[in-house]
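# Structural overview for review
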Amino acid sequence: MFNARGFDIVVYLDSYECDKLTEICSKFEYIAKWAYCLHDKDKDKPHYHIMVQTYEPQDSTRIAKDFGVKESYVEKPRSKKKTHKYDDMLLYLIHRNAPEKYQYDVDDVTANFDYKTFIEKQENKEKKQNRKMEIVDLIKSGTIREYNLGEYVSAAEYVTYATAIKSAFAYREKVCVSAERNMQVIYITGDSGTGKTSLAKYFAEKRGFDYFVSSSSNDLFYGYGGQPCVILDDVRGSLMQFSDWLKLLDNNVNSTVKARYNNKNLSECKLMILTSVQSVDSFYRDIYDNDSENIVQLKRRCGVHVTVDTDCYYVKQWDKKHNCYSSEKCFKNRIFEEYVKNAAENMSALEILGIQDEEEYCRDRKFMDISEKDLEQIEMLFGVENGKKETD
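Now for a description of the structure that goes with this document. (Residues numbered from 1 in each chain as written. Predicted model: local features only at pLDDT ≥ 70, side-chain atom pairs only at ≥ 80, totals over all residues. Heavy atoms only, no water.)

### Describing the sheet that holds strand β3 (residues 47-59)
Read from one edge to the other, the open sheet built from five strands follows the order β4-β1-β3-β2-β5, with strand pairing classed as antiparallel. Across the chains shown, the open sheet's two edge strands, defined by having one partner strand only, are β4 (74-75) and β5 (109-111). The sheet contacts of helix α2 (residues 60-67) involve β1 (3-12), β2 (31-39), β3 and β4, and relative to β3 the element is tilted by about 130°. Of the strands in this sheet, β1, β2 and β3 touch helix α3 (residues 85-92), which is tilted by about 170° from β3. (Pairing = 2+ DSSP bridges. Helix = DSSP H or I, 4+ residues; strand = E, 2+ residues; numbered from the N terminus. Contact = heavy atoms within 4.5 Å. Axes fitted to C-alpha atoms, helices over the stretch in contact; angles between N-to-C directions.)

### A short note on the packing of helix α4 (residues 115-141) against helix α6 (residues 155-178)
Angle between the axes and distance between the axes are the two parameters that describe a pair of packed helices. Their axes nearest at 9 Å, the elements α4 and α6 cross at an angle of 35°. Pair α4 / α6 crosses with right-handed handedness. Facing Lys128, Arg131, Lys132, Ile135, Val136, Ile139, Lys140 and Ser141 of α4, the residues of α6 in contact are Glu157, Tyr161, Ala164, Ile165, Ala168, Phe169, Tyr171 and Arg172. Looking at the contact of α4 with α6 residue by residue, the classes come out as nine nonpolar, one polar and six charged. (Left-handed = near helix turned anticlockwise from the far one by under 90°. Nonpolar A, V, L, I, M, F, W, Y, C, P; charged D, E, K, R; others polar.)

### Side note on the packing of aromatic side chains
For the structure shown, the criterion picks out 17 aromatic pairs. Measuring from ring centre to ring centre gives 6.0 Å for tyrosine 202 and phenylalanine 203, while their planes differ by 55°; the resulting arrangement is tilted. By relative accessible area, which is 15% here, phenylalanine 203 ends up buried. Directly above the aromatic system of phenylalanine 113 lies the positively charged group of lysine 33, at a separation of 5.4 Å from the ring centroid. Over the ring of tyrosine 12 we find lysine 45; its NZ or CZ atom is 4.9 Å from the centre of that ring. (Phe/Tyr/Trp six-rings, centres within 6.5 Å; stacked < 30°, edge-to-face > 60°. Buried < 20%, exposed > 50% of the residue type's maximum accessible area, 1.4 Å probe, protein only. Lys NZ or Arg CZ within 6 Å of the ring centre and 35° of its normal.)

### Focus on the pattern of salt bridges
Two side chains that carry opposite charge are able to pair once their charged atoms sit near each other. Enumeration over the complete set of coordinates arrives at 14 salt bridges. Of the charged contacts in the structure, one is a salt bridge between aspartate 107 and lysine 116, with a shortest N-O distance of 2.8 Å. Through salt bridges with shared partners, a single network forms among Arg96, Glu123 and Glu126. (Salt bridge = Lys/Arg side-chain N within 4 Å of Asp/Glu carboxyl O.)

### Side note on the layout of surface pockets
Empty pockets left among the atoms are what a rolling probe the size of a water molecule brings to light. The volume enclosed by the second largest pocket comes to roughly 390 Å³. Asn251, Arg300, Arg301, Gly303 and Lys320 are, among the 17 residues lining the second largest pocket, the residues nearest its centre. Counting residues per element, the ones that place at least two in the lining of the second largest pocket are β6 (184-190), α10 (296-301) and β13 (312-319). At three residues, β6 tops the list of elements feeding residues into the lining of the second largest pocket. (1 Å grid on protein atoms, 1.4 Å probe; cavity = no way out; pocket = protein on both sides within 12 Å on 5 of 7 lines; lining within 4 Å. Points joined across faces, edges and corners; volume = space filled by probe spheres on them.)

### Some words on the pairing of strand β12 (residues 304-308)
As paired elements, β6 and β12 share five bridges and run parallel to each other. Its bridge partner lying in β12, threonine 189 is registered against threonine 307. Of the pairings in the sheet, the one linking β12 to β13 comprises five bridges and is antiparallel in character. Bridge pairing in β13 places valine 304 opposite glutamine 317. Between β12 and the antiparallel strand that follows it, β13, lie three residues.

Following this line, the structure appears as structure tokens:
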């Protein structure tokens, strides 16, 4: 004997008045819902499953007595879930939750409620659950990241699955933190206007990386969303302490980076590019004014060094064996040529201001229209009449 609110009653065609099932289910006032279905395509001999839900818990002995069956034919809900047990019982009527068994049609079910609508709602729940798990799996695999979330997840989906999405991102971060970092660093230096930032973006695009460009001196990583390339644009060594720079630029070890509001984890970053008007030596002196600290620690992290001018950019690579940069290789700075070309094609100042009428351009610098009344007052003030000053 057991107590429950949901019961699965099994009756066989050869030993039960199955034609009176509706009458039997309807006559007990303590039963809130009932539904039954003939299972005649299972391996067992043909039988009915009658699923009943009571208003209050009942014992199985009473259910067996009222339905005129042995108590062994009265079963508990099959679901192990604490909630929605009766829903799982109703799904079992057509084997919706037992795909290995024959799938019965919803029209085979007789119930005192709209069973078809119930199944439709369950299917919608399953679709939502499947979609949630699809999003979670895409986050775990690294396909979805914070910066491209909108490409895969609609606003409505985000509202619905926000908790799962945030948990998946947190899980992904923990997994990546425990892994070794494999990050390359490029240091680009040159005068202002030589195309350092454009060149950094070009390098990222050639690698097929989406990039995050930071130009904030207060919080370098504000808005970072897991892009595989980080461009620290126009940075100065004084923005962080020497030890923080070494942690940030470490090519092999993951570590969180200090941020203004929340520390950032850069485990997703595969390529970091620094652009600066400072040479790497000047950058180092800006960080640490102490000869005991070896600049080699900084240089070996910045494995590729690029110097840019308007004509060329010069590339050299860190030589681990000799602890120095290799000899330079020179490349034509076509990025700067493209920048100049695009600048020439930009809108003119008048177009930006929305000024199209040439009459608004005042070549004689007369910007003020004077009314007749104002003119009379001026003439009286300066003793001027008809444009001539009075003489003594």
